[in-house]
Each structure stands twice: as C-alpha cells, then as structure tokens.
Amino acid sequence: MPLSHRRILLGITGSIAAYKSAILLRLLVKGGAEVQVIMTEAARDFIGPLTLATLSGKPVLSEMHLDDQWSNHVALGHWADALLIAPASAQTLSKMAHGVVDNLLTAVYLSAKCPTLVAPAMDADMWEHPATQDNIRILSRHGVVVLPVGEGPLASGLEGPGRLAEPEQIVGELNAFFQKDTLLSKKKILITAGPTHEAIDPVRFIGNHSSGKMGIRLAEEALRGGAEVVLVLGPGSEPAPVSKRLTLMRVTTALEMMDAVRQHLEVTDIFLLAAAVADFRPAEPAAQKIKKEGRQSLSLDLIANPDIAAFIGANKTSRQYLCGFALETENLVENARAKMDKKNMDLIVINSPNDAQSAFGYDTNKISLLDKSGKLVSFERQSKKDAARTILQAIAERI
Ligand code: C5P
C-alpha cells in the first residue's frame, strides 16, 4: 500500500469544498497514512477543526500566532513525506506561486523539503482567469503537482471547471504519486532538449523550430518521480524547472551539447534525447557580419556535427538506458527502427509534425513508443506533460 505509514500534511484553505476534506482525511487515514491537518483561518468558516482533529487523531494546526509555532513550520516541512493542499483556493495558490508567507500553511510550503500536491477548488471564472492560470504554470515549474479540477455545477450557481477533485480521485493520485516516486527515485537521468544554434557569423545561425517543451516536461516529470536530473538545454524561451535535484546546463551549439553529455556519460542511468540537434554546422563561421553588398548568392560550407545519440549508444554499458526521439515526416516506424538500431537505442519515441498539434512548438504531442524487442505502442494526442509521464512510465517498466 503506497499510503501506508506515509506522513502527510493536509492543508485546508478557505473554499466551500473544504467540507469534502473530512472525507479525504478519512480515506487517507484508512489507507494507513499519518496525517497532520493545517487549516488557514478562512478554512475554519467552512469546516470545524474538531471534526478534523477527531478524524486525524491530532490537534489541528492553524495560524502562526501561537508562540511555539514559529519554528513549527520548519519541523513540519521536514517531518512530512508529502504536503497535500486540498482544497487549494485561488488566494493560497497565488501566495504559493509568489512566495508570500502570511500564515502557517504558506510558511510550511516554503520551507518544506517534501513534494507538494495541490487540488485547486474555486469558481469557474476564478479558475479560468489568466492570473490563476499563470500561477498554476509557475507552481508546476516549481515542481508542485497540480491535480486536475473537476467540471460541473459549482456552489456559486455557475457550471464549469473549478470543482475540487473527488476525494477518491485525490487519494488515487496520491497513491500513484508515491508509487511513481519509488520507480525513478535516485535514478540519474540526463535529458537533452531544445534546438541547437550553429553560428554563420556573429549575428546569424542555423537553427530549427524545436521549443524544448517536450524535454522540459520530461525533466519536470522525472523530478516528480524522484530522479536526479541533468537537463542539457539548447537556446529557447521556455522556462526550465527549478529544483535542488536538477543540474541545468545551458548550451548553444551541438559541440557544447556533446561536451555537457560527455561530462555525465558514466554517471547517468537513463538518457532521454529530446533535442533537435543540427546535423551540420558552418565549417568556418565568419568573424564579422557577412555583408550582402556586391553578392548575388552566398554559399555556406557545412561540416557534420557529432551524433550525440550514436556516441552514447556506442559507449554505454548494458546497465545504461538510451531513449531517443524520431521526428519523421514519412515511413515513421521504418525510419525510427533503423535509427534505433544504428544508434543502439533501447527505446525510441516516434512523433511527426504531420499530426495535428504535435511535435515542434505545441503543448500537445501524439507519440508512439518502439522498443528494442520490436514492441510498438501508439497513444492518442495528449499534453506533453502526460506524454512525458507515458515515456517515463514505459522506461520504468523496462529497466
Ligand atoms: O536527427 P535524428 O532524427 O537522427 O535524431 C534522432 C535522435 O538522435 C534524437 O533523439 C536526437 O536527439 C538524437 N541526435 C543527437 N545528436 C545529433 C542528431 C540527433 O543526439 N547530432
């Protein structure tokens, strides 16, 4: 039982959905977890602390004005295996995203060493507001697991998204989280992501449309699974995650990417190569900006870049796992199979820019996974976050 003997801090904030926290708490305790409830002041208007203290078998902690609670927040954050905030109100999510500390719960969040999960609950208009959606993105980037909201009738009378996920669903997500936590925990995962830029002259380069999103989602999900991650990230504007277990190496060119990979070659357990590496680079980048005056045409002399995947494939031990990507526009499976064999990969993720809203730049991807044994599994279009989970799950099952 993944919940058994887990220490869970259950944060409850001011939302009408707080009445469901009692059922959630009951399910957690039944699953074998030890639960400490922290309520915000506003939550007390929606559910009585006595109910929660009785169900958890512990006094409910609340605001920081009790003298002995000033240092409690640090101890609590260290005690817990997970901090679960359900319901998480728009206000608490906003404070968390911006590091605002004005009560015990937000202080615990900022000092917690354990993973944090939030189950948002609010009115549809508040949920859909760009400010809330921005806060959700910030929290995801900070490694917080944001559980999906439900859709349907809301206490305000509106219909739409914003309902607290059902307690059974929250417990299911928490179980899955703890299970996943052990699948990749302590694994060292190296991820290449984004494009490379190969200088033509000081102001121009050869590049491609890769945004780095797929590799960044992989890094976020691997961190959530308990792994230590090295993210070798090419140029781009997509923000990288922030974590103590992440080493971020920003690179520009294929040669720099290769260098970064070499540094971690021996210590890595799993390689995930999502980068779109330029196959060729200008042989001799011009020292000064190339002028157009007096030219009718311009030829560039290109030389081949090293193939990072093939290098890893040729040098890895049997205990190291190599997963590459194949972005193909035709004969997807045949080309991917040939690539996997040539580069000695264990698994290859096939995607195609021909599929609607897939691959370069999009937040969604339609992938198929082909492994060394020839097993091919195709998935429907999903968010890159879910695609990342799918890929990591497939690897965890195979190592
Ligand atoms: O470019 P290609 O389709 O061969 O890329 C397939 C896989 O090889 C991808 O995982 C990509 O990240 C990797 N690759 C690489 N170094 C290169 C070219 C591709 O690591 N120079």
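Position labels on residues start from 1 in each chain and follow its written sequence. For this predicted model, a pLDDT threshold of at least 70 governs which residues receive local features, and a threshold of 80 or more governs which side-chain atom pairs are given and counted, while totals over whole chains, interfaces and linings are taken from all residues. Side-chain descriptors were evaluated using all non-hydrogen atoms of the structure, hydrogens and water having been removed beforehand.

A.B. asks: Which residues make up the domain arrangement of the chain, and what values go with them?
C.D. replies: Boundary definitions for the domains trace back to an automatic or database domain assignment. According to the domain assignment, the chain consists of domain 1 (7-152 + 162-182) and domain 2 (185-398). A straight line from the C-alpha centre of domain 1 to that of domain 2 covers 36 Å. Here a residue-residue contact requires only that any non-hydrogen atoms of the pair lie within 4.5 Å. Contacts between domain 1 and domain 2 engage 13 residues on the former and 14 residues on the latter. Carbon and sulfur atoms make up 41% of the area that domain 1 and domain 2 hide from each other, which totals about 990 Å². The term salt bridge refers to a pairing of a side-chain nitrogen on Lys or Arg with a carboxyl oxygen on Asp or Glu at a separation within 4 Å. Linking domain 1 with domain 2 are 0 salt bridges, by the criterion used here. Polar contacts, as counted here, are pairs of nitrogen or oxygen atoms within 3.5 Å of one another; within protein the pair requires one atom able to donate a hydrogen and one able to accept it, and residues that are adjacent in sequence qualify only if both atoms are side-chain atoms. For the interface between domain 1 and domain 2, the tally reads 3 residue pairs in polar contact (both at pLDDT 80 or more). The element best represented in the side of domain 1 that touches domain 2 is helix H8 (residues 167-183), accounting for 5 residues. Its residues assigned to classes, the side of domain 1 that touches domain 2 shows 4 nonpolar, 4 polar and 5 charged. Buried area is calculated as the accessible area (1.4 Å probe) missing from two parts once they are joined, with the contributions of both summed. The numbering of helices and of strands both runs from the N terminus, where a helix is a DSSP run of H or I of at least 4 residues and a strand a run of E of at least 2. Gly counts as polar in this scheme, as do all residues outside two lists: the nonpolar Ala, Val, Leu, Ile, Met, Phe, Trp, Tyr, Cys and Pro, and the charged Asp, Glu, Lys and Arg.

A.B. asks: Give me the nonpolar core: which residues, what numbers.
C.D. replies: As used in this record, nonpolar core signifies buried Ala, Val, Leu, Ile, Met, Phe, Trp, Tyr and Cys residues forming a set joined through side-chain atoms within 4.5 Å. Relative accessibility under 20% of the residue-type maximum defines a buried residue, over 50% an exposed one, and the middle range a partly exposed one, all with a 1.4 Å probe and only protein chains included. Core analysis: the biggest nonpolar cluster contains 34 residues, and Leu-28, Val-37, Leu-84 and Ile-170 have the highest contact counts within it. Sorting the residues of this core by element identifies strand E1 (7-12), helix H1 (21-30), strand E2 (34-39), helix H2 (49-56), strand E3 (82-88), strand E4 (116-120) and H8 as the ones contributing at least two each. If near-sequence neighbours (up to four positions away) are discounted, Ile-170 is found in contact with Leu-24, Leu-84, Ala-86, Ala-119, Leu-147, Leu-164 and Ala-165. Within the second largest apolar cluster, 33 residues are counted, among which are Leu-184, Ile-189, Leu-223 and Leu-231.

A.B. asks: Lay out the environment of Thr-51 with the relevant residues and their values.
C.D. replies: Take Thr-51: it is sitting in helix H2. By relative accessible area, which is 38% here, Thr-51 ends up partly exposed. For the pair Thr-51 and Ala-336, spaced 285 residues apart in the sequence, the C-alpha separation amounts to 58 Å.

A.B. asks: Any details on the pattern of salt bridges? Residues and values, ideally.
C.D. replies: Within this structure, the stated rule accounts for 16 salt bridges. In this structure, Asp-102 and Lys-95 form a salt bridge, with 3.1 Å as the shortest nitrogen-oxygen distance. For Asp-346, the salt bridge identified is with Lys-372, shortest N-O distance 3.0 Å. Of this pair, Asp-346 sits in the loop between helix H12 (332-342) and strand E17 (347-351) while Lys-372 sits in the loop between strand E19 (368-371) and strand E20 (376-378); the two residues are 26 residues apart in sequence, bridging distant segments of the chain. Judged by relative accessible area, Lys-372 falls into the exposed class, the value being 54%. Here the residues in one salt-bridge network are Lys-20, Arg-163 and Glu-166, joined through shared partners.

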